[in-house]
Amino acid sequence: MTSETVRFDVGNFKCIAVLDGTFRYPAGMFFTNVSKERYETLLRQRGQSAEEIETPYTCLYIDTGVARVLVDTGMGTGVPSAGKLLSRLHAEGIEPRDIDTVILSHAHPDHIGGNLDEHGKPAFPNARYVIWKEEWDFWLSRPSLAEIQVDDHFKDLSLASAEKNLSGIKGHVDLLDQEIEILPGIRIILAPGHTPGHIALSVTSGAEQLLYLGDAVCHLLHLEYPETRMATDLQPMKVVRSRRQLLNRATREAALVHSYHFPYPGLGRVTAKGHGWRWEPFAARD
Ligand SMILES: [Zn+2]
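The model shown is predicted, which means the values in this text are computed figures rather than measured ones.

Caption draft 1: Representation of the coordination of the zinc ion in the model. At this site the zinc ion is bound by D110 (OD), H111 (NE2), D215 (OD) and H261 (NE2), with donor distances of 2.0 to 2.3 Å. Here the zinc ion is ringed by four donor atoms whose angles at the metal span 88 to 165°, and the overall shape comes out irregular. Sequence spacing of the donors to the zinc ion: D-H-x103-D-x45-H. An identical accessibility class is assigned to D110 and H111; each is buried.

This is the structure in structure tokens:
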């Protein structure tokens, strides 16, 4: 285990939270329906920068004993501070050919950027890639992205990434339109809003469960203030509903939670507090 890989168990499943890298986003992107004064105060009260938020990309590796699964593929070569997924899996003795299934929570660049190798071929040559059908169709329909509050450059990068990283896995992809158990113990949960076909996962072994939230919750303050919207949320009302459903479920079922952009390794538990939730970070065993 290194500072970029954290091993943990879910029942009999062996899991690793793998840090693909980090990127600094303007803080305002995380709080589009909160005043600048308000979110800057909340961040400063928590000892954080009010200008930029250093945001981890934490992928998840799951060895169920039967299947070896990767959830999200990181940013790839898009930014110098990320794209470390393959080298960090290698350091754990895991090679791309070992992965049977790649589950893509959604098609934003920081989740699909590692889909392909440097030759434009699937980076995980023996894997079936899995994504929600509506997500696939949306990104390949050349959407205007008029709904999101980012500049044209950001939109162009998102569209170019989707075009490249989705088209490159054609023939290797299974498109889902039902919340099925795709492998024993791994069930798809449709959680739209951040994007139209965004999915979460329930990973269950024995009496233990992990909920993979994807980008339904992207910042710890979204737990305390669950109505908060992000600049990149395509369907803001739906994202708030999906967020509440997932967090209510995590509380009710006492599930371990993984959130891709929370402070690394993005693992913890949530308990109800006021109108939102409180975060209890998971202490990994050595
Ligand atoms: Zn993301």
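Caption draft 2: Up close: the side chain of E40. Relative to the elements of secondary structure, E40 occurs in helix α1 (residues 36-45). The exposure class of E40 is buried, given its relative accessible area of 14%.

Caption draft 3: Molecular detail of the sheet that holds strand β14 (residues 276-281). One open sheet holds the seven strands; their spatial order is β8-β9-β10-β11-β12-β13-β14, and the pairing between them is mixed. The open sheet is flanked by β8 (181-183) and β14, the only strands paired with a single partner. With strand direction ignored, the average angle separating the axes of adjacent strands in the sheet is 35°. Of the strand pairs in this sheet, strand β11 (residues 208-212) and strand β12 (residues 256-258) are connected by three bridges, and their pairing is parallel. In the strand pairing of β12, Y212 is matched with H258. Against the sheet, helix α7 (residues 236-252) makes contact with β9 (186-190), β10 (199-205), β11, β12, β13 (267-273) and β14, and its axis sits at roughly 95° relative to β13, the strand it touches most.

How each quantity is defined
- Residues numbered from 1 in each chain as written.
- Predicted model: local features only at pLDDT ≥ 70, side-chain atom pairs only at ≥ 80, totals over all residues.
- Heavy atoms only, no water.
- Donors = N, O, S within 2.8 Å, 3.2 Å for Na, K, Ca; no water.
- Tetrahedral: all angles 85-135°; square planar, octahedral: opposite > 155°, others 65-115°.
- Buried < 20%, exposed > 50% of the residue type's maximum accessible area, 1.4 Å probe, protein only.
- Helix = DSSP H or I, 4+ residues; strand = E, 2+ residues; numbered from the N terminus.
- Pairing = 2+ DSSP bridges.
- Axes fitted to C-alpha atoms, helices over the stretch in contact; angles between N-to-C directions.
- Contact = heavy atoms within 4.5 Å.

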